[in-house]
Every structure is written in C-alpha cells, then in structure tokens.
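Report on the structure
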Amino acid sequence: MHIIVTGATAGLGEQIARDFVVAGHTVYGTGRRLDKLNALKAELGEHFIPLHFDVCDTKAMSEVLGGIDLTKIDVLINNAGLALGLEPAHLADIQDWQTMIDVNIKGLVGVTHLVLPYMVANNHGLIINIGSTAGNHPYFGANVYGASKAFVKQFSNNLRADLINTRVRVTNIEPGMCGGTQFSQVRFKGDNTKAAAVYEGVEYLTASDISNTVQWVASQPWHVNINAIELMPTAQTYAGLAVARDI
Ligand code: 8X3
C-alpha cells in the first residue's frame, strides 16, 4: 500500500511510519523537521518518502502534495496534532488555543481535502484519523485540546456519511494516556519535570500500541469499516464526574 502519515517526525507518526515500511509498504511521511525527515529516510530507505511541510501552511502543503501522484494513495493517516497547556480555560493562553485549532483541526481538514477527491475517484481508500479519549471525555485543563479532538471524531463520522456510496473508509482512533513520546513535553513547553510526573507509576500506552491498532485497522478487508477504536491503559479510566461543595 501507499500511505501518507502526517506528523511522521516524532511519536505516534514516526512509529506508524516505521511499522508500515517494515511491513513492506511505501510511506510518505510529512513533517516540519527536515533533519528528522532525512534521518528517517536514511534509516528506512526507498520506501520512505519525506514530504517537508507544516500542515498549517496551506500553500506549502498543496505544493508538496501536488508534487506526488495522489492517485496512488491507499491510506491517509491524519496523525499531526498537539496539546498545549493544561490550565483551566479562564487562564489558558489564546495563542495555544489557536495553535491547537490550526494544527488539530485546520491542518487535518486541509490534508484530507487535498487527498480525498483522489480516493473517491479511485473508489478506494482509507482515512485513519488520530483522535483522542479527550474528544470523548472531559478532563480538567483539556478545554480546546479535547474540543479539537471532538471535532476530529465528528468529522470522521460525517465523512462516513458523505462517503456512503464509495469504497472509501474512515476510522477514528482514540488513544488515552500514551507515554514515551514528546506529547507532554510539548504540552508543558519543555518542562520535563511536569511532563515526567504525568506518567509516574503508570503503565501507559506506547506509540507501538497505537501503531499496532492502526496496522490492524488498515489490514481489514475493504468491506469492513472500523468506525472508531478507543483505547487506554488498563491503569486509566474515564470515570471522572466531579462535584464541588459549598462554592
Ligand atoms: C492524548 C490522551 O489523555 O493525554 O490525546 O488527553 S490525553
């Protein structure tokens, strides 16, 4: 298969890209960091094709994606995304909110809008969006991050509606706490102590756990559409109703 993985230069995207190449597929890995893209190319060889652009840069994205043969793409994995900040909404940084909206929402729909027409013309394709448990269950400080992942969930559901008369499939993967990546370092802007505290004493999901799920979804026959998969560590739960007393 020919597979686009956005945000392939770190974390989940890097693992997903690596696993698909090792399994014999061709991966077009997108990212902002040219050095990391080049390192992956050196490691993975001819079946890894680096695509250098930021999903927030609409012009660069359409130029770079316009330079490859999109008719060949079997699978699009919309992985690029980030969380910034964990402050309550009234203390959050508006720039953080806007960046999450730009990457997690605008970037994801931008890539999809460029690739999807080719899948529909081929009557063949699979879009795997990387959502989050945060799109299903609120938690303190998730505000815009969770809302952006709720967008990804409902965008996935609505794509399924529009693609009803095609063989183009859509899946939303919704991971919970995943460690061993830069997710929390990015969220806490380089504060490694805060980032490490998130995972202390927890047997968290790893990038490999999520990549395995992606590989499984992509290996299903075309008549099977996995709508969504929510996965979390056994040590995490979505029970979280809170009560304030005497406020
Ligand atoms: C990642 C899961 O729980 O950190 O999207 O929001 S969580």
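Bear in mind that the values here come from a model prediction, so they are computed numbers and not experimental data. (Residues numbered from 1 in each chain as written. Predicted model: local features only at pLDDT ≥ 70, side-chain atom pairs only at ≥ 80, totals over all residues. Heavy atoms only, no water.)

Some details on the pairing of strand E1 (residues 2-5)
Sheet analysis places E1 next to strand E2 (residues 26-31), joined by four bridges and oriented parallel. Within E2, the position partnered with Ile-3 by the bridge is Val-27. With respect to chirality, the unit in which E1 leads through helix H1 (residues 11-22) into the neighbouring parallel E2 is right-handed. Bridging between E1 and strand E4 (residues 75-78) involves three bridges; their strand directions are parallel. Bridge assignment links Ile-4 to a residue of E4, and that residue is Leu-76. (Pairing = 2+ DSSP bridges. Helix = DSSP H or I, 4+ residues; strand = E, 2+ residues; numbered from the N terminus. Right-handed = clockwise from strand over helix to strand, strands pointing away.)

Structural notes on helix H3 (residues 58-66)
Those residues of H3 that sit buried are Ala-60, Met-61 and Leu-65. Angular distribution of buried residues about the axis of H3 spans 115°; they occupy a single face of the element. Turned more than 90 degrees away from the buried face of H3 sit Lys-59, Glu-63 and Gly-66, all of them exposed. Lining the buried residues of H3 we find E1, strand E3 (48-52) and helix H4 (94-122). (Buried < 20%, exposed > 50% of the residue type's maximum accessible area, 1.4 Å probe, protein only. Arc of directions from axis to C-beta. Contact = heavy atoms within 4.5 Å.)

Observations concerning empty space enclosed by the protein
Where empty space is left in the structure can be found by rolling a water-sized probe over the atoms. Throughout the structure, instances matching the rule amount to two cavities of 30 Å³ or more. Computed from the structure, the largest cavity encloses a volume of approximately 40 Å³. Looking at the largest cavity, the residues that line it are Thr-6, Val-55, Asn-78, Ala-80, Val-103, Gly-107, Leu-108 and Val-111. The dominant element in the lining of the largest cavity, judged by the number of residues it contributes, is H4, at four residues. When the residues that make up the lining of the largest cavity are grouped by side-chain class, the tally is five nonpolar, three polar and no charged. (1 Å grid on protein atoms, 1.4 Å probe; cavity = no way out; pocket = protein on both sides within 12 Å on 5 of 7 lines; lining within 4 Å. Points joined across faces, edges and corners; volume = space filled by probe spheres on them. Nonpolar A, V, L, I, M, F, W, Y, C, P; charged D, E, K, R; others polar.)

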